[in-house]
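Each chain, letter by letter, is given below.
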Amino acid sequence: MKLVSLFGKAISDSMQSNLFTLPNFEAVAKSSQAQEKKIIQYEQAEQLFLELLAIDNLDNQLHQEAAKAREFEQAISTAITAAYCHDVNDDRAHLFLQRILYWINRLKLFWYDDLRHYTNERSLYLSCCRNQIEAAWQAWEIAQIDVPALQKLDVKQALIERASSDLNPPSSPESCYIREQMSEVGYRHLLAIASFDGLVEGSRLSRILGGAANEVQCTLVRVLLEEYGNGRLSRKHSTFFAQMLEEFKMNTEPEGYFDLVPWEVLACANQNFLTTERKLYFLRYCGALTYFEVAGPAAYKNYLAAAQRLQLSNAAMGYWELHIKEDERHGQWMLDSVALPLAEKYPDDAWQLILGYDQEKLMGDRATKAVVQSILTQEQAN
Ligand SMILES: [Fe+2]
Ligand SMILES: [Fe+2]
């Protein structure tokens, strides 16, 4: 009762202030001086948020931290307007929002650190912030997809056709650059960014495995088991990733290069957190994972070609080699034993498999472009 009433007060305070209203920042965004101020504001706001996150039982203490919370909420409102309500692509706003979402979502995984870091895992205030960002972000993402057109498709046929063309996609400017031009500096930068996912691979998949037993569930478990090296750390995919980093004496701690991760990559992770959190999106997640496993080998072949051209050691490219073999199998399993059976079991909702598949592809391509851009910037700085 105490928590609810206190939180109720916090929520009503927030509603009166700015968590749920979008102030007009159009005028401010026009001047570059204001733009600079906004950058600082986002960084400061993230810092304030991290301070809130560290407070023991935040929901109960919120009334004492009202000023901090209000400033943070103000930044969220500003960023939501800048990222999703205007045509201009405000990367800073996107980055701020995706980082906040990630800070909240990551509490759903265990990091083998201080148990007190999880004190706010079930905080209503954090849920409220997450929902606020997600609602605006998801509306913006889905507007980029022609959902009515998807709903008219023959789902099984569409899945089969998409999977066969994504197995061998045409070259893109990004894939050509990676294969033919990326330097060793660029390769290390690629590893740094990719380690954000590579070192905790399969973690999100683990969240959808529990429940009724059937062939679909068992196939998903089989994929997870392979990602997890059948329970042997030496064979776990993340270990192969760590070995690549070790070859360059790079940081092998998960999230060690968090600050290098572009918002487009964070968005892929946060999308996964959302679709594995809500059972309502189970089909979307399975569609997304089908794309991820099907499309993996083609992407990894580019990274492998780059490593071979740069004459790197086997350990510096082992993860890609492993995935070229395993993900071809995983992609086939996902299509034949997960996506197609689910399409049959849920005829009215089966289009959501395609929605998940297409969104993963769209967001994945967007992330690849951002990573290559980041690599180019890094190479030019050297
Ligand atoms: Fe893997
Ligand atoms: Fe895989």
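The model shown is predicted, which means the values in this text are computed figures rather than measured ones.

## Overview of the overall build of the protein
When its secondary structure is counted, the protein shows 17 helices and zero strands. Taken along the three principal axes of its C-alpha coordinates, the protein extends 55 × 55 × 40 Å. For the protein, buried positions account for 39% of its 382 residues. For the protein, the proportion of contacts with a sequence separation of at least 24, taken over those separated by at least 6, is 81%.

## Some details on the nonpolar core
Counting residues in hydrophobic clusters, the biggest one holds 94 residues, and the most contacted among them are Ala79, Leu97, Leu159, Ala339 and Leu353. Here this core takes 16 residues from helix α15 (residues 282–309), the largest share from any one element. Shared between two domains, this core takes at least three residues from each, and those domains are domain 1 (2–142) and domain 2 (147–381). If near-sequence neighbours (up to four positions away) are discounted, alanine 339 is found in contact with Leu159, Cys286, Gly287, Thr290, Met334 and Leu353.

## Quick notes on unusual backbone geometry
For tyrosine 112, which is not glycine, the phi torsion reads 55 degrees and is therefore positive. Mapped onto the secondary structure, tyrosine 112 falls in the loop between α6 (91–105) and α7 (124–142).

## Describing the packing of helix α13 (residues 237–247) against helix α16 (residues 318–345)
Interhelical geometry of α13 versus α16 gives an angle of 150 degrees and a closest axis separation of 8 Å. Accordingly, the angle class assigned to the pair α13 and α16 is roughly antiparallel. Contacts between α13 and α16 involve His237, Phe240, Phe241, Gln243 and Met244 on the former and, on the latter, Gly318, Tyr319 and Leu322. Classifying every residue of the contact of α13 with α16 gives five nonpolar, three polar and no charged.

## So, the confidence of the model for the protein
Caution applies to low-pLDDT regions: their predicted coordinates should not be interpreted in detail. Mean pLDDT over the protein: 91, with 90% of residues reaching 70 or higher. The low-confidence segment residues 1–31, where pLDDT is below 50, has 40 contacts with residues more than four positions distant or belonging to other chains.

## Some thoughts on the domain arrangement of the protein
Segmenting the protein into domains produces domain 1 (2–142) and domain 2 (147–381). Computed from C-alpha atoms alone, the centre-to-centre distance between domain 1 and domain 2 is 28 Å. Between domain 1 and domain 2, the contact holds 14 residues from the first and 12 residues from the second. Classifying every residue of the side of domain 1 that touches domain 2 gives six nonpolar, three polar and five charged.

## Here we look at the environment of isoleucine 104
Tracing the chain through its elements places isoleucine 104 in helix α6. Leave out the neighbours within four places in its chain, and isoleucine 104 touches Leu126, Cys129 and Arg130.

## Topic: helix α9 (residues 155–167)
Its 13 residues place the ends of α9 18 Å apart at the C-alpha level, agreeing with the 18 Å of an ideal helix rising 1.5 Å per residue. Within the sequence span of α9, burial applies to Val155, Leu159, Arg162 and Ala163. Buried residues of α9, seen end-on, are gathered within an arc of 100 degrees and therefore sit on one face of the element. Away from the buried face of α9 by more than 90 degrees, exposed residues Gln157, Glu161, Ser164 and Ser165 are located.

## Focus: the environment of glutamine 373
With respect to the helices and strands, the residue glutamine 373 is situated in helix α17 (residues 351–381). The exposure class assigned to glutamine 373 is partly exposed, which follows from the 13 C-beta atoms found within 10 Å. Separated by 161 residues in sequence, glutamine 373 and alanine 212 have C-alpha atoms that sit 44 Å apart.

## Considerations on the environment of glycine 210
Mapped onto the secondary structure, glycine 210 falls in the loop between α11 (184–198) and α12 (215–227). On the basis of neighbour count, glycine 210 is assigned to the exposed category, with 7 C-beta atoms found within 10 Å. Considered as a pair, glycine 210 and serine 374 are 164 residues apart in the sequence and their alpha carbons are 38 Å apart.

## Details of the packing of α15 against α17
α17 packs onto α15 with a crossing angle of 50 degrees between their chain directions and a minimal axis gap of 6 Å. When the axes of α15 and α17 are compared, the pair comes out oblique. When you trace α15 past α17, the crossing you get is right-handed. The segment α15 lies against α17, with Leu283, Arg284, Tyr285, Cys286, Gly287, Ala288, Thr290, Tyr291, Phe292 and Ala295 engaging Gln352, Leu353, Ile354, Leu355, Gly356, Tyr357, Gln359, Glu360, Lys361 and Gly364. Residue composition of the contact of α15 with α17, by class: 11 nonpolar, six polar and three charged.

Rules used throughout
Residues numbered from 1 in each chain as written. Chains lettered and ligands numbered in written order. Predicted model: local features only at pLDDT ≥ 70, side-chain atom pairs only at ≥ 80, totals over all residues. Helix = DSSP H or I, 4+ residues; strand = E, 2+ residues; numbered from the N terminus. Buried ≥ 20, exposed ≤ 12 C-beta atoms within 10 Å, placed from the backbone. Contact = placed C-beta atoms within 7 Å. Core = buried A, V, L, I, M, F, W, Y, C linked by C-beta atoms within 7 Å. Domains from an automatic or database assignment. Axes fitted to C-alpha atoms, helices over the stretch in contact; angles between N-to-C directions. Parallel < 35°, antiparallel > 145°, perpendicular 65-115°, else oblique. Nonpolar A, V, L, I, M, F, W, Y, C, P; charged D, E, K, R; others polar. pLDDT = per-residue confidence, 0-100. Expected span 1.5 Å × (residues − 1). Arc of directions from axis to C-beta. Left-handed = near helix turned anticlockwise from the far one by under 90°.

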